[in-house]
Amino acid sequence: QVQLVESGGGLVQTGGSLRLSCAASGRTFSTYTVGWFRQVPGKEREFVSAMWWRGGSYYADYADSVKGRFAISRDNAKNTVYLQMNSLKPEDTAVYYCAARVGPSSRMSNEYDYWGQGTQVTVSS
C-alpha cells in the first residue's frame, strides 16, 4: 500500500512558477510509475505528466499543453516526486493530483492504483 500526499499548490500570477511535491509513504516506490493529473469542476481528470522506470533509467511524458513549461522529477531518497511548473497560464488552474501504479506509464487515470488528495493551483490573469 502506498500513501501519497501532494503539497506546493497555491495562487500565482500568469507567468509565475510553482513546484508541486508528491510524497509517498508506506513503501519505497522508486520503480513505480508516478503521474500527475489535474481536474477542474465539471471536467474529466486530465493527464499532465508521468515518470516511469525502465531498464535502469527514468523516462518522462508530458501532455502537449504543458510540454516545455512543466518538468517532472523525483528524489528517491526522499520518496518524493516533483512537478516544476513554469510560465503558468490561467488555463493551468485546477486541482492537481499525483498518482502511482506498478507498471508502465499510462495517460489513463483509471490505470493508476494510488492517489493523493490533490492540491489547488490557481493562476490569476
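Above this text you will find the structure in question.
Residues numbered from 1 in each chain as written. Predicted model: local features only at pLDDT ≥ 70, side-chain atom pairs only at ≥ 80, totals over all residues. Heavy atoms only, no water.

**Focus on the overall build of the protein**
A count of helices and strands for the protein gives 0 helices and 11 strands. Taken from N to C terminus, the helices and strands of the protein fall in the order β-β-β-β-β-β-β-β-β-β-β. By the compact-globule yardstick of 14 Å for 125 residues, the protein fits well, its C-alpha radius of gyration being 14 Å. By its C-alpha atoms, the protein is 40 × 25 × 25 Å across when sized along the principal axes. Per-residue burial for the protein yields a buried fraction of 44% across its 125 residues. Within the protein, counting contacts between residues at least 6 apart in sequence, those at least 24 apart form 57% of the total. The centroid of the 13 positive side-chain charges in the protein is displaced by 4 Å from the centroid of its 10 negative side-chain charges. (Helix = DSSP H or I, 4+ residues; strand = E, 2+ residues; numbered from the N terminus. Rg over C-alpha atoms; globule rule 2.2 N^0.38 Å. Buried < 20%, exposed > 50% of the residue type's maximum accessible area, 1.4 Å probe, protein only. Contact = heavy atoms within 4.5 Å. Lys, Arg positive; Asp, Glu negative; His and termini not counted. Charge placed at Lys NZ, Arg CZ, Asp CG, Glu CD.)

**Here's the deal with the sheet that holds strand S8 (residues 80-85)**
Reading across the sheet, the 4 strands line up as S1-S3-S8-S7 and stay open at both edges, with antiparallel pairing between neighbours. Taken across any chain shown, the strands that pair with only one partner, and hence form the sheet edges, are strand S1 (3-7) and strand S7 (70-75). Here the strands of the sheet are splayed against their neighbours by 15° on average, with no regard to which way each runs. (Pairing = 2+ DSSP bridges. Axes fitted to C-alpha atoms, helices over the stretch in contact; angles between N-to-C directions.)

**Observations regarding the state of the cysteines**
Each disulfide consists of one covalent bond between the sulfur atoms belonging to two cysteines. By the definition in use, this model includes 1 disulfide. Put simply, Cys-22 and Cys-98 are joined by a disulfide, and their sulfur atoms are 2.1 Å apart. With the S-S dihedral at roughly 65°, the linkage between Cys-22 and Cys-98 falls on the right-handed side. Here the residue Cys-22 occupies a position in strand S3 (residues 18-25), and Cys-98 occupies one in strand S9 (residues 94-101), the gap between them amounting to 76 residues. Grouping residues by exposure puts Cys-22 and Cys-98 together as buried. (Disulfide = S-S within 2.5 Å.)

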